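A look at the structure
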Amino acid sequence: MSAAVRVIDPPDLGGKRRTFVLAEDRLGHYPEFRAFFERTFALDRIGLSRPGYVALSGGAVYELVFIGRSGETFPAAVEINAIVPALEPIDEDGVDRDLWAILRWMIDGVGPPWTVADLDATGRLYRLPAAEDPSSQV
């Protein structure tokens, strides 16, 4: 499953634009999520100096911007931007599937007591189309 999402070097942004798709304003609710991002993107070393990037097996690229706040442990929040062709509309259903794949990758990386099976069950309970789409389950 984690092969569907991989951390990449900053991509060439020529002819591309960033499109905001998701924010998590409180990474500190559960320290293990903050630790996952610190470990995965070497945030203890690079801090706010640059965003992280992930690529999905289908070719989509996403930028993760880590937010710092005075008095809070870094990272305090994360914003996710899709990197898309500058003049093309975004595929909203595709973004939903990609975000679900990123969430599954994150949960898999965080580990117990968090499980991908529980995330998938929650997604099906709320009837999220991406949670029910087999292409999001890679």
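The structure contained in this document is the topic of the report that follows. (Residues numbered from 1 in each chain as written. Predicted model: local features only at pLDDT ≥ 70, side-chain atom pairs only at ≥ 80, totals over all residues. Heavy atoms only, no water.)

1. Examining the overall build of the protein chain
Test applied: Numbering of helices and strands runs from the N terminus, with a helix taken as a DSSP run of H or I at least four residues long and a strand as a DSSP run of E at least two residues long. The globule rule used here is 2.2 Å times the number of residues to the 0.38 power, and the radius of gyration it is set against is calculated over C-alpha atoms. Relative accessibility under 20% of the residue-type maximum defines a buried residue, over 50% an exposed one, and the middle range a partly exposed one, all with a 1.4 Å probe and only protein chains included.
Secondary structure assignment for the protein chain yields five helices and five strands. From first element to last, N terminus to C terminus, the protein chain shows the α and β order β-β-α-α-β-β-β-α-α-α. For the protein chain, the C-alpha radius of gyration of 15 Å lies close to 14 Å, the compact-globule estimate for 138 residues. In terms of overall dimensions, the protein chain has a C-alpha envelope of 40 × 40 × 25 Å along the principal axes. The buried share of the protein chain, taken over its 138 residues, is 40%.

2. Details of the nonpolar core
Threshold: Definition of nonpolar core: a set of buried residues of the types Ala, Val, Leu, Ile, Met, Phe, Trp, Tyr and Cys, connected through side-chain atoms within 4.5 Å. Contacts: residue pairs with any heavy atoms within 4.5 Å of one another.
In this structure, Phe37 and Tyr62 are the most contacted members of the largest nonpolar core, which totals 31 residues. For this core, the elements supplying multiple residues, two or more each, are helix H1 (31-41), helix H2 (43-46), strand S3 (52-56), strand S4 (61-67), strand S5 (77-85), helix H3 (92-110), helix H4 (116-125) and helix H5 (129-132). In terms of residues, this core owes the most to one element, H3, which gives nine residues. Excluding its chain neighbours within four sequence positions, the residues that come into contact with Tyr62 are Val21, Gly52, Tyr53, Val54, Leu56, Ile80, Asn81, Ala82, Gly94, Val95, Asp98 and Ile102. Formed by five residues, the second largest nonpolar core is a distinct cluster that contains Ile8, Ala55, Val61 and Ile83.

3. Some words on unusual backbone geometry
Here the bond from Phe74 into Pro75 is cis, since omega is -10 degrees, no more than 30 degrees from zero. Going from Pro112 to Pro113, the amide bond is cis rather than trans, its omega being 10 degrees. Position of Pro113 relative to the elements: it lies in the loop between H3 and H4. In this model, Ala42 sits at a positive phi of 50 degrees, which is unusual for a non-glycine residue. Note on placement: Ala42 falls in the loop between H1 and H2.

4. Topic: the pattern of salt bridges
Applicable threshold: Criterion for a salt bridge: a side-chain nitrogen of Lys or Arg within 4 Å of a carboxyl oxygen of Asp or Glu.
Scanning the model with the defined rule gives seven salt bridges in all. With a shortest N-O distance of 2.8 Å, Glu63 and Arg18 are connected by a salt bridge. Placement of Glu63 in strand S4 and of Arg18 in strand S2 (residues 16-24) is noted, with a sequence separation of 45 residues between them. Assessed through its relative accessible area of 3%, Glu63 is described here as buried. Overall, Arg18 belongs to the partly exposed group, its relative accessible area being 47%. For Arg26, the salt bridge goes to Asp25, with nearest N and O atoms at 3.7 Å. On the accessibility criterion, Arg26 (37% relative accessible area) is partly exposed.

5. Here we look at the packing of H1 against H3
Heads up, the condition is: Helix axes are fitted only over the stretch in contact, all axes being lines through C-alpha atoms; the angle between N-to-C directions runs from 0 to 180 degrees. Relative orientations are named as follows: roughly parallel for angles under 35 degrees, roughly antiparallel for angles over 145 degrees, roughly perpendicular for angles from 65 to 115 degrees, and oblique for any other angle.
Relative to each other, H1 and H3 sit at 100 degrees, their axes nearing to 9 Å. Our classification of the angle between H1 and H3 gives roughly perpendicular. Of the residues in H3, those touching H1 at Glu32, Phe33, Phe36, Phe37, Arg39, Thr40 and Phe41 are Trp105, Met106, Ile107, Gly109 and Val110.

6. Here's the deal with H4
Here is the rule we go by: Within this analysis, the arc is defined by the directions that extend from the helix axis to the C-beta atoms.
For H4, the full list of buried residues reads Val116, Leu119, Asp120 and Gly123. One side of H4 carries all its buried residues, which in axial view fall inside an arc of 95 degrees. Exposed positions of H4 whose direction lies more than 90 degrees from the buried face are Ala117 and Leu125. Of the surrounding elements, those touching the buried residues of H4 are H3 and H5.

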